Amino acid sequence: MINEKTITDLIYQEAELLDTMQWQEWLDLFHPEGRYWMPLEWQQQDPVLQPSLMYEDLLLLKVRVERLSGERTFSQKPKSRCHHLLQAPRIVACDPAAGVFKARTSYIYTETRGDLLERYSGWASHEFVEVGDTLKIKLKRVDLVNFDAPFGNIQLFM
Amino acid sequence: MAKYGRNAHAIAALVREAEVHRDVYVDPEVFELEMEHLFPNSWVYVGHASQLSKPGDFITATIGRQPVLASRHSDGSIHVFYNRCPHKGVKIASEPCGNTGKFFRCPYHAWSFKTDGSLLAIPLKKGYEGTGFTDTQANGGLSKVRNVVVYRDFIFARLSDDGVSFEDYFGESLSTIDNMADRSPEGKLAVIATPIRYMHTCNWKMLVENQTDTCHPMVAHESSAGTAVKVWKREQGDSTETPMAVQLYGPFMSPYEFYEQSGIRIWPNGHGHTGVANSIHSNYSDVTGYLDQMVAAYGETRAHEILGEVRHNTVYFPNIMVKGAVQILRNFIPIAVDKTLVESWVYRLVGAPDKLYERALMYNRFINAPTSIVGHDDLEMYERAQEGLKSNGNQWVNLRRLYESSEEQDVTAVINGTSERQMRNQFHAWAKFMTMDMDKHVEAAE
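Looking at an unreviewed UniProt entry, one finds chain A named Aromatic-ring-hydroxylating dioxygenase subunit beta and attributed to Bradyrhizobium rifense.

Written out as structure tokens, the structure is:
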């Protein structure tokens, strides 16, 4: 039976998979129609006709994951690593009858490569869909507090 | 130790016929001289008139490193000022854009200025009576940039009072801006969102050169575009329609022969573009209803002529690139000798289907964002070059690909698309606009 703990466990599991670079297992958390979205505007509503930093389906996420281990992916020599520090997720909706599962999680994200280290702060909003006896990610939305600042490379996933 | 200041000869010697000295990318003094000479002598992009649609609207920008402010006055005219109060130098506007109402008001001592820059009021004005204030520059209000041209809504400014006229500076290169605007059935473009911003730890000229570097995509972007093509082939199954995303990534992997035949056109003063015969933008899917709109607006012949022009990257010297076929402008803003802010703007084709704007936004985030895998490929190369050029083993960068000793400068020509001639063209212009007023500065100092 899916409950609030199912949601929070899944969010923690996702962060751990990213921190341990288990990319394929991370992709497996997504529903085939799932999306990863990084808006570029405050409280953005539209991912398609408003500019975003990322709005990617599973095909594009697979490209990213496969690229990370590519023989000629020079921006990953040396490789990047990441760290997610999550606040306890706030359950926005957990309604098995309606099939609606949503949570919002405040985070600090660190990405490092070589001697460089960058920190980002923001909120992750997850929407899940029930598949069998488990949940899959329908939408992961990542809002950075300083979405409008000019960043250097962000190569991994928040 | 100053090697290059007030020394036009030393600056000119950095550029050989097909090589440039590494100091143009790594020497802080050369960078300072670019800010002092090159940018003020050039026509630099400030913004788009659609960002100033109502009286009182303003935008802020930088030319070289100097902060400027553009405003729409009550009579509809557009003005560009140095963004500083004539009193103590405080920036009048600090936001990227906004509406100031009927006047600008300095937040420090409430000096106010009309939206044409003239001085409106100073509190306790009596305190300036008999002080000679009326003879000072401050009495004239916000210092104005005198040379401003709005061409098809693109606002350009030249800070130097003397120099090459707008028409002579850009000449036929304006045809790319024309083509981008003509792609709207109403002949109009609109900026309706913020740009994607991406900080680069490299010299600004590396980015400009890369715009017409057609021998790098199939190499540097094998990791991104190549992987996209590979994953799609594996995952496509029975799909007959290539997704928009794959249509955008795929052509980056075109072979050398494709780029060779597509050609490069160069123009005087350092401008030039890739994709003369065709380009990586040629084979995108048609958008339903768009051609009909264009034919209705322009007639059959002219509509096909406009849409048949699919130039790849047009460099407007010194520091912007325009992609007419995808409605993108990239502004390479110099911050320091090894730091460049890239702002990539998307224009909406007024009156055209949403799908075209969707595609332009998608292209922009795929290629020009800090989260873009194509961007990661490129920035890695620029950063390695910025480091590698510190080496003393060889102090020259080689731009000799398809060089001919008979090459003329400041001409219009169409050449093989894998030539490095546009880079040579840019550096010829670089030396010209760096040194054109150096002798005068020496005289003034003496």
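Participant: Explain the overall build of chain B here, please?
Facilitator: Secondary structure assignment for chain B yields 16 helices and 22 strands. Taken over C-alpha atoms, the radius of gyration comes to 23 Å for chain B, in line with the 22 Å a tight globule of 446 residues would show. Principal-axis analysis of the C-alpha atoms places the extent of chain B at approximately 85 × 55 × 40 Å. Per-residue burial over chain B gives 48% buried out of 446 residues. Within chain B, contacts between residues separated by at least 24 positions form 68% of all contacts whose residues are at least 6 apart in sequence.

Participant: How do you make sense of the overall build of chain A when you look at a structure like this?
Facilitator: Each helix and strand in chain A was counted, giving 3 helices and 7 strands. Along the chain direction, N to C, the helices and strands of chain A fall in the order α-α-β-β-α-β-β-β-β-β. Against the compact-globule benchmark of 15 Å for 158 residues, chain A has a radius of gyration of 16 Å, which places it among compact chains. For chain A, the spread of C-alpha atoms along the principal axes amounts to about 50 × 30 × 30 Å. The buried share of chain A, reckoned over its 158 residues, is 32%. Counting only contacts in chain A whose residues sit at least 6 apart along the sequence, the fraction spanning at least 24 positions is 54%.

Participant: Got a minute to help me understand the interface of chain B and chain A in this structure?
Facilitator: It is common to report an interface's size as the accessible area lost on association of the parts. Contacts between chain B and chain A engage 32 residues on the former and 29 residues on the latter. Where the side of chain B that touches chain A is concerned, the elements lending two or more residues are strand 13 (196-200), helix 8 (222-235), strand 19 (339-346), helix 13 (354-367) and helix 14 (373-388) of chain B. Among the elements that make up the side of chain B that touches chain A, the one with the highest residue count is helix 8 of chain B (8 residues). Its residues assigned to classes, the side of chain B that touches chain A shows 16 nonpolar, 8 polar and 8 charged.

Participant: It is not clear to me how the confidence of the model for chain B should be interpreted in this structure. Could you clarify?
Facilitator: Interpretation of this model should avoid reading the predicted coordinates in detail wherever pLDDT is low. Chain-level statistics for chain B give a pLDDT mean of 96 and a share of 98% at 70 or above. As a predicted assembly, this complex carries a pTM of 0.97 together with an ipTM value of 0.97.

Participant: What exactly am I supposed to notice about the nonpolar core here?
Facilitator: General note: in soluble globular proteins, nonpolar side chains tend to be found buried as a group. Core analysis: the biggest nonpolar cluster contains 126 residues, and B:Val46, B:Val68, B:Ala70, B:Ile155 and B:Ala157 have the highest contact counts within it. Each of domain 1 (48-151) and domain 2 (196-433) of chain B accounts for three or more of the residues forming this core. A:Leu10, A:Ala15, A:Phe30 and A:Leu135 belong to the second largest nonpolar core, which has 10 residues in total.

Participant: What's the story with the sheet that holds strand 6 (residues 97-99) of chain B in this structure? I'm lost.
Facilitator: To summarise the sheet geometry, strands pair through backbone hydrogen bonds and adopt either a parallel or an antiparallel arrangement. Residue and element names in this part refer to chain B. Across the sheet, which stays open at both edges, the 4 strands sit in the order 5-4-3-6 with antiparallel pairing between neighbours. The open sheet has two free edges, formed respectively by strand 5 (78-82) and strand 6, since each of these has just one partner strand. Neighbour-to-neighbour, the strand axes of this sheet turn through a mean angle of 25°, independent of strand direction. Bridging between strand 4 (residues 66-72) and strand 5 involves 5 bridges; their strand directions are antiparallel. When the bridges of strand 5 are listed, Val68 appears paired with Tyr82.

Participant: Just checking my understanding: could you explain the sheet that holds strand 11 (residues 154-158) of chain B for this structure?
Facilitator: Residue and element names in this part refer to chain B. With respect to topology, 3 strands assemble into an open sheet ordered 2-11-10, the strand pairing being antiparallel. Both edges of this open sheet fall to strand 2 (44-48) and strand 10 (147-151), since each of them pairs with a single strand only. Going from strand to strand, the sheet's axes swing by 25° on average, the running direction of each strand aside. In this structure, strand 2 lies alongside strand 11, joined through 4 bridges in antiparallel fashion. Paired with Val44 across the strands is Ala157, a residue of strand 11.

Participant: Honestly, the pairing of strand 10 of chain B in this entry has me stumped. Any pointers?
Facilitator: Regular strands show a simple pattern: their side chains alternate between the two faces of the sheet. Bridge count for strand 10 of chain B against strand 11 of chain B is 5 bridges, and the pairing is antiparallel. Paired with B:Asn147 across the two strands is B:Arg158, which belongs to strand 11 of chain B.

Participant: Where do I start with the domain arrangement of chain B in this structure?
Facilitator: Taken as a whole, chain B is organised into domain 1 (48-151) and domain 2 (196-433). Between the C-alpha centres of domain 1 of chain B and domain 2 of chain B there is a distance of 36 Å.

Participant: In this structure, what is going on with the packing of helix 8 of chain B against helix 14 of chain B? I would like to understand it.
Facilitator: A pair of packed helices is characterised by two quantities: the angle between their axes and the separation of those axes. Residues and elements named next belong to chain B. As a packed pair, helix 8 and helix 14 sit with axes 8 Å apart at the nearest point and diverge in direction by 150°. Classified by the angle between their axes, helix 8 and helix 14 sit roughly antiparallel to one another. From helix 8, Ser223, Ser224 and Ala225 reach across to helix 14, where they touch Ile373, Val374 and Asp377. When the residues that make up the contact of helix 8 with helix 14 are grouped by side-chain class, the tally is 3 nonpolar, 2 polar and 1 charged.

Participant: Got a minute to help me understand unusual backbone geometry in this structure?
Facilitator: One can expect most non-glycine residues to show negative phi and most peptide bonds to be in trans. A cis amide bond links A:Lys77 to the next residue, A:Pro78, at an omega of 5°. Mapped onto the elements, A:Pro78 comes out in the loop between helix 3 (58-68) and strand 3 (80-86). In this structure, B:Pro318 follows B:Phe317 across a cis peptide bond, with omega equal to 5°. Turning to its location among the elements, B:Pro318 is positioned in the loop between strand 16 (314-316) and strand 17 (320-323).

Participant: Just to check I follow, could you spell out the environment of B:Asn392 for this structure?
Facilitator: Residues and elements named next belong to chain B. Relative to the assigned elements, Asn392 resides in the loop between helix 14 and strand 21 (396-398). The class of Asn392 is exposed, set by 7 C-beta atoms lying within 10 Å. In this structure the C-alpha to C-alpha distance between Asn392 and Leu207, which are 185 residues apart in sequence, comes to 23 Å.

Participant: Whenever I open this one, helix 5 (residues 175-182) of chain B confuses me. Can you help?
Facilitator: Because each turn of an α-helix spans 3.6 residues, side chains separated by three or four positions in sequence point in the same direction. Counting buried positions along helix 5 of chain B yields 6 of 8 residues, so the element is predominantly enclosed. Of all the residues in helix 5 of chain B, the buried ones are B:Thr176, B:Ile177, B:Asn179, B:Met180, B:Ala181 and B:Asp182.

Participant: Looking at this structure, how should I read the environment of B:Pro268?
Facilitator: Residues and elements named next belong to chain B. For Pro268, the location among the structural elements is in the loop between strand 14 (264-266) and strand 15 (272-274). Spatially, the C-alpha atoms of Pro268 and Ala220 are 30 Å apart, while their sequence positions differ by 48 residues. Not counting chain neighbours up to four residues away, the residues in contact with Pro268 comprise Gly171, Asp410, Val411 and Thr412.

Participant: What's the story with the packing of helix 3 (residues 28-41) of chain B against helix 15 (residues 421-435) of chain B in this structure? I'm lost.
Facilitator: All names here are of chain B. Two elements in contact, helix 3 and helix 15, have axes whose closest approach is 7 Å; the angle formed by their N-to-C orientations is 100°. Taken together, the axis directions place helix 3 and helix 15 in an arrangement best described as roughly perpendicular. Across from Leu33, Glu34, His37, Leu38 and Asn41 in helix 3, the residues of helix 15 making contact are Trp430, Phe433 and Met434. Taken together, the residues of the contact of helix 3 with helix 15 break down into 5 nonpolar, 2 polar and 1 charged.

Reading the values: rules and limits
Residues numbered from 1 in each chain as written. Chains lettered and ligands numbered in written order. Predicted model: local features only at pLDDT ≥ 70, side-chain atom pairs only at ≥ 80, totals over all residues. Helix = DSSP H or I, 4+ residues; strand = E, 2+ residues; numbered from the N terminus. Rg over C-alpha atoms; globule rule 2.2 N^0.38 Å. Buried ≥ 20, exposed ≤ 12 C-beta atoms within 10 Å, placed from the backbone. Contact = placed C-beta atoms within 7 Å. Nonpolar A, V, L, I, M, F, W, Y, C, P; charged D, E, K, R; others polar. pLDDT = per-residue confidence, 0-100. Core = buried A, V, L, I, M, F, W, Y, C linked by C-beta atoms within 7 Å. Domains from an automatic or database assignment. Pairing = 2+ DSSP bridges. Axes fitted to C-alpha atoms, helices over the stretch in contact; angles between N-to-C directions. Parallel < 35°, antiparallel > 145°, perpendicular 65-115°, else oblique.

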